[in-house]
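Structural overview
If you want the building blocks of each chain, they are given just below.
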Amino acid sequence: MIPTGRLWVLLCLLAVPMMAAGFFPGLGGAVLALDTLALALAALDFLMARRVRLEVSRQLPPRLSVGAPNKVELLLVHRGPRDVEVRVRDDVPESFTAEPEEAPLRLPADSQTRWVYRVTPAKRGRFGFGDVNVRVRGPLGLLLHERRVPAAQDVAVFPDMRGASRLLLSGAALDLVNLGLRQLRRDGRGSEFARLRDYSQGDSVREVDWKATARRTRPVTRVMESERSQSLLICVDAGRSMAAQVDGLTKLDHAVNAALFLAFVAVRNGDRVGLAVFADGVKAYLPPAAGRLQYRKILDTLYATTPSLTYVDYLALFKELNVRLNRRSLLCVFTDFLDEEQASTLVAPLHRLARRHVPLCLSVRDTALTTLLHTPPAGPEQAYQQAVASELLSDRESLKAKVSAGGVHMLDVRPDELSLAAVNRYLDIKARGVL
């Protein structure tokens with residue numbers, strides 16, 4: 001039972017004749033009758049709100065995406081002869097952000113009403129929604145009847161795979177360009193034959209297929225594409241530095257989202273894709289393989305990956321890769337350069353690995369440090385923080401230069417650019433025939 005503002009106003013109005021009854025004893029009976037009437041109306045209002053028959057059910061997607069707004073739908077079924085005003089609030093998991101958190105609704109008589117809101121999970125894993133809280137307003141507007149509708153429900157929060165889903169639905173090259181992704185088939189370059197097409201101005205004479213030209217009596221060009229069935233190993237750092245928050249998600253979550261998008265594109269492109277999750281040692285390893293089943297294995301492995309509050313042993317990772325990887329591969333290492341002492345141990349083994357493989361080092365840029373550096377200091381403490389941020393960024397740039405000096409491809413981009421940057425660099429490496 002929750003009183004409304006209307007009831008408080010009524011009680012304040014009744015206080016006036018109550019005070020007057022102190023000066024005019026004859027008003028006592030009338031004041032008592034008014035008070036009794038007000039209480040009776042409030043009780044009647046509460047009983048009528050309590051008798052409202054209301055059914056509530058929640059509809060969730062099969063899986064939610066971390067760091068992304070996910071649609072949640074509540075279906076309210078009202079079975080009654082009159083319109084009812086309610087206020088609805090769902091019990092979302094603690095780490096979720098709901099927008100909006102609650103909503104006032106007017107339910108017509110004998111009707112079904114849908115309320116849609118969005119939740120943004122901050123972590124991967126399995127979480128539970130609780131009951132739905134509904135406050136039903138009485139017809140007189142004096143009291144609210146609050147009830148909890150049982151609706152406990154578990155849901156799995158997966159890495160953000162919206163990029164892969166959109167790519168799957170994109171059939172034309174224009175769609176891929178709008179996504180920010182270059183074409184998967186790189187015509188005119190590479191070593192594998194793709195198809196024949198009519199000669200167009202600008203084609204090289206070396207690309208002309210003379211036999212086909214003689215048969216068709218017009219110039220015909222051979223179209224080549226990047227070699228398929230190449231090997232790609234995605235290495236994801238799950239150490240302590242990847243637990244840092246950037247733009248609402250951990251660096252590990254940003255890396256996982258980008259790694260899944262990259263794996264999806266590579267599998268769709270016919271390449272063999274593998275996965276290594278590492279921290280103070282190799283936590284999980286999937287040898288490179290082709291096909292959708294391999295992508296599903298990668299997804300299941302990354303879904304359960306959480307950051308370990310330990311140092312990162314790059315040497316242990318690369319020693320294991322030297323044993324396991326016999327075929328020349330593209331190694332995409334998602335890691336962090338914020339801890340210079342730890343990240344400096346990456347340089348030498350990565351350069352040695354570059355003799356046999358093609359390493360690509362990917363790092364999530366810490367946008368908070370950049371923002372802090374470009375914000376005028378409000379006092380001595382902020383000035384000290386800026387000095388520390390400047391030193392950290394300087395060390396980071398120095399380390400990036402050392403990594404790149406040994407023939408290692410390097411990317412250090414904003415979190416929202418990581419997925420597309422990784423895929424586009426992968427396509428560039430394939431198009432140049434480096435593998």
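Cut-offs applied
- Residues numbered from 1 in each chain as written.
- Predicted model: local features only at pLDDT ≥ 70, side-chain atom pairs only at ≥ 80, totals over all residues.
- Heavy atoms only, no water.
- Helix = DSSP H or I, 4+ residues; strand = E, 2+ residues; numbered from the N terminus.
- Contact = heavy atoms within 4.5 Å.
- Areas by Shrake-Rupley, 256 points an atom, 1.4 Å probe, with all protein chains shown as cover.
- Pairing = 2+ DSSP bridges.
- Axes fitted to C-alpha atoms, helices over the stretch in contact; angles between N-to-C directions.
- Phe/Tyr/Trp six-rings, centres within 6.5 Å; stacked < 30°, edge-to-face > 60°.
- Buried < 20%, exposed > 50% of the residue type's maximum accessible area, 1.4 Å probe, protein only.
- Lys NZ or Arg CZ within 6 Å of the ring centre and 35° of its normal.
- Core = buried A, V, L, I, M, F, W, Y, C linked by side-chain atoms within 4.5 Å.
- Salt bridge = Lys/Arg side-chain N within 4 Å of Asp/Glu carboxyl O.
- Left-handed = near helix turned anticlockwise from the far one by under 90°.
- Nonpolar A, V, L, I, M, F, W, Y, C, P; charged D, E, K, R; others polar.

As annotated in an unreviewed UniProt entry, the protein chain carries the name Cell division protein DivIC (FtsB), stabilizes FtsL against RasP cleavage and comes from Cystobacter fuscus.

A short note on the overall build of the protein chain
Within the protein chain, the regular secondary structure consists of 13 helices and 22 strands. Across the protein chain, every contact between residues at least 6 apart in sequence was considered, and the portion connecting residues at least 24 apart equals 73%. For the protein chain, the exposed area adds up to about 22100 Å²; of that, 55% sits on carbon and sulfur atoms.

Some thoughts on the sheet that holds strand β9 (residues 125-129)
A sheet is described by the order of its strands in space; here three strands give the open sequence β3-β12-β9, paired in mixed fashion. Edge positions in the sheet fall to β3 (64-65) and β9, since each of these pairs with one other strand and no more. Taken together, the five bridges between β9 and strand β12 (residues 153-158) define a ladder with antiparallel strand orientation. Its bridge partner being in β12, F127 is matched across the sheet by V155. Relative to the sheet, helix α7 (residues 292-303) contacts β9 and β12, its axis offset from that of β12 by approximately 110°.

Thoughts on the packing of aromatic side chains
Under the counting rule described, the total for this entry stands at six aromatic pairs. Ring plane angle 55° and centroid distance 6.0 Å describe the contact between F278 and Y314, whose orientation is recorded as tilted. Pair noted here: F278 is in strand β18 (residues 272-278) and Y314 is in helix α8 (residues 314-324), with a separation of 36 residues, a long-range link. Overall, F278 belongs to the buried group, its relative accessible area being 0%. Every member of this aromatic cluster is reached through a ring pair, and the members are F96, F127 and F129. Lying across the ring of F158, R63 places its NZ or CZ 4.2 Å from the centre.

Side note on the nonpolar core
Counting 45 residues, the largest nonpolar core has L232, I234, V236, L302 and F334 as its most contacted members. Per-element tally for this core: the top contributor is helix α6 (residues 251-268), with 13 residues. With sequence-adjacent residues up to four places away left out, L302 is seen in contact with R124, V236, V256, A259, L260, L275 and V277. With 32 residues, the next largest nonpolar core counts V72, V84, V88 and V119 among its residues.

Things to note about the pattern of salt bridges
Inspection of the entire model under this criterion finds 21 salt bridges. The partner of R114 in a salt bridge is E73, with the nearest N and O atoms 2.6 Å apart. With a gap of 41 residues between them, R114 in strand β8 (residues 111-121) and E73 in strand β4 (residues 70-78) connect regions that are remote in the sequence. The shortest N-O distance in the salt bridge between R89 and E102 comes to 3.2 Å. Of this pair, R89 sits in strand β5 (residues 84-90) while E102 is found in strand β7 (residues 102-107), placing the two residues 13 residues apart along the sequence. Sharing partners across several salt bridges, the network here consists of D83, E85, R106 and R137.

Some details on the packing of α6 against helix α13 (residues 418-431)
Remark: α6 packs on α13, axes separated minimally by 8 Å, with the N-to-C direction vectors making an angle of 35°. As for the relative orientation of α6 and α13, their crossing is right-handed in sense. Taken together, the residues of α13 that come into contact with α6 (itself represented by H254, A255, N257, A258, F261, L262, V265 and A266) are L418, S419, L420, A422, V423 and Y426. Tallied by class, residues from the contact of α6 with α13 come to 11 nonpolar, three polar and no charged.

Notes on unusual backbone geometry
Negative phi characterises most residues that are not glycine, and trans characterises most peptide bonds. For the bond from E99 to P100, the omega torsion is -5°, close enough to zero to count as cis. A positive phi is found at T217, a non-glycine position, where the angle reads about 60°. Even without being glycine, D247 reaches a positive phi, approximately 55°. Within the element layout of this structure, D247 appears in the loop between β16 (245-246) and β17 (249-250).

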